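For reference, the chains in residue letters:
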Amino acid sequence: MSKLGNIGARLYRGEVGYDFIGKRKIWYGISILITILAIAGLAVRGLNMGIEFSGGAVFTTPKTSVSATEAQHKAESAAGGHQAVVQKLGGGALRIQISGLDTKQSVPVQEELAKDLNVPVNDVNTQLVGPSWGEEIANKAWLGLGIFMVLVVLYLAIAFEWRMAAAALIALIHDLTITVGIYALVGFEVTPGTVIGLLTILGYSLYDTVVVFDSLKEASKDITKQTRFTYSEIANRSINGTLVRSINTTVVALLPVAGLLFVGGGVLGAGMLNDISLALFVGLAAGAYSSIFIATPLVADFKEREPQMKALAKRVKAKRTAAAAKGAEDEPQGGSTAVADDGGDDAAVVGPRNQPASRKGGRGRPSGKRR
């Protein structure tokens, strides 16, 4: 077995673990800080809405020696001050999008661009986009997001319970806020590809959360009938038991997305890949973080406020206090730290198990041969 697999097996059995639930205030503080930064980025810089939402014209030129920066200045000058975004395409071609242009304005801009870039006018492809189309896409995206959220809450409330549904919903909003905030800070354009990426990450974010919730539901069954663990401790064991699995699935999902973002978007200059891959990359990372550090600790907080869970925590604490006091009394007398089984379902057993029976004394036969 590999080293990572061995660690995963030990985490699953509860032999080792990290106290995620006990340090939940730290994770809450980190998430609040990141969320504040994201909201500040949205308030200060705002989203760079693509031409699909604002309306305008897109000009695609053939191969040219003019740089993207120089082409941007020429395009803004030709458009009379309208903002232009220029992307370098494969083979030296340029994609120039200018917002706020209508059909009458696009023709002289096309002619001026062809002259400035020293390319034939007929080789400059022009595509007009109306703002109504972008508004329709945005409305459909909001509608799809709302339907998805409602279905998620209903499913989790039925399959698990309403506390888990509420925690998962908070985690999803947390992931979306961080992703949109990073878009604002980085300055990437918001295009239909961005909307597709945002809707896609919701499923990835929910996957890890449901895996932990399923483990927690199984482990907390009939929890009030025992006095070994509190709900928070069982929740922490569930996170540790699925930790390696969550890391593996997230890394495997992030690797191809990173290839799209850094190779496809950065090296090849494919604009649509940038739009989708950045949303996926940030959303996958935020989703893995929220499923471990936000969703499950929130469930533990909600559950620990229930009267039966408060009573369970008191019983667990009382039993541990009594066991510690008994151990302190027994240690000076015999030096033995073994705890006898009192017949309960949660009795502690210390020391090696399955020891062979002694051949001398007790019920065993004597070691001598039968005559």
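Described below are features of the structure shown in this document. (Residues numbered from 1 in each chain as written. Predicted model: local features only at pLDDT ≥ 70, side-chain atom pairs only at ≥ 80, totals over all residues. Heavy atoms only, no water.)

Side note on a nonpolar patch on the surface
Next up, step 1: The grouping of Leu143, Ile147, Val150, Leu151, Leu154 and Ile158 at the surface amounts to a nonpolar patch, some 630 Å² of accessible area in total.
Next up, step 2: You can see Ile147 is positioned in helix α6 (residues 131-159). (Patch = residues over 30% accessible without salt bridge, like charges linked within 9 Å, V, L, I, M, F, W, Y side chains within 5 Å. Areas by Shrake-Rupley, 256 points an atom, 1.4 Å probe, with all protein chains shown as cover. Salt bridge = Lys/Arg side-chain N within 4 Å of Asp/Glu carboxyl O. Helix = DSSP H or I, 4+ residues; strand = E, 2+ residues; numbered from the N terminus.)

Looking at the pattern of salt bridges
Next up, step 1: One pass over the structure, following the stated rule, counts 8 salt bridges.
Next up, step 2: The shortest N-O distance in the salt bridge between Lys303 and Glu306 comes to 3.5 Å. Neither Lys303 nor Glu306 differs from the other in exposure class; each is buried. (Buried < 20%, exposed > 50% of the residue type's maximum accessible area, 1.4 Å probe, protein only.)

Quick notes on helix α5 (residues 103-117)
Next up, step 1: Between its first and last C-alpha, α5 extends 21 Å over 15 residues, near the 21 Å set by a 1.5 Å rise per residue.
Next up, step 2: Within the sequence span of α5, burial applies to Ser106, Val109, Gln110, Leu113, Ala114 and Leu117. Along the long axis of α5, the arc covered by the buried residues comes to 135°, so they all point the same way. Exposed and oriented more than 90 degrees from the buried face of α5 are Lys104 and Lys115.
Next up, step 3: Turning to α5, the residues buried within the fold contact β2 (56-61), α4 (68-78), β4 (94-99) and β5 (125-129). (Expected span 1.5 Å × (residues − 1). Arc of directions from axis to C-beta. Contact = heavy atoms within 4.5 Å.)

Details of the packing of aromatic side chains
Next up, step 1: For the structure shown, the criterion picks out 6 aromatic pairs.
Next up, step 2: Consider the rings of Phe20 and Phe293, whose centres lie 5.6 Å apart with planes at 70°: the pair is edge-to-face. Of the two residues, Phe20 sits in the loop between α1 (3-13) and α2 (24-44) while Phe293 sits in helix α11 (residues 271-304), which places them 273 residues apart along the sequence. Comparing Phe20 with Phe293, the two get one shared label, buried.
Next up, step 3: A cation sits over an aromatic face here: Lys23 above Tyr18, 5.1 Å from the ring centre.
Next up, step 4: Its end group placed over the ring of Phe229, Arg237 keeps NZ or CZ at 4.8 Å from the ring centre. (Phe/Tyr/Trp six-rings, centres within 6.5 Å; stacked < 30°, edge-to-face > 60°. Lys NZ or Arg CZ within 6 Å of the ring centre and 35° of its normal.)

Digging into unusual backbone geometry
Next up, step 1: Residue Asn118 is not a glycine yet carries a positive backbone phi of 60°.
Next up, step 2: The residue Asn118 is located in the loop between α5 and β5 in this model.
Next up, step 3: One non-glycine residue with positive phi stands out, namely Asp222, at about 55°.
Next up, step 4: Along the chain, Asp222 turns up in the loop between α8 (192-219) and α9 (231-241).

With respect to the sheet that holds β2
Next up, step 1: Taken in spatial order, the 4 strands line up as β3-β4-β2-β5 in an open sheet, and their pairing is antiparallel. Bordering the open sheet on either side are β3 (84-88) and β5, each of which pairs with just one other strand. Strand-to-strand, the axes of this sheet are offset by a mean angle of 15°, without reference to chain direction.
Next up, step 2: Two elements, β2 and β5, share 5 bridges in a ladder whose sense is antiparallel. Residue pairing for β5: Phe59 is matched across the bridge by Thr126.
Next up, step 3: Taken strand by strand, α5 contacts β2, β4 and β5, and its axis lies near 25° from that of β2. (Pairing = 2+ DSSP bridges. Axes fitted to C-alpha atoms, helices over the stretch in contact; angles between N-to-C directions.)

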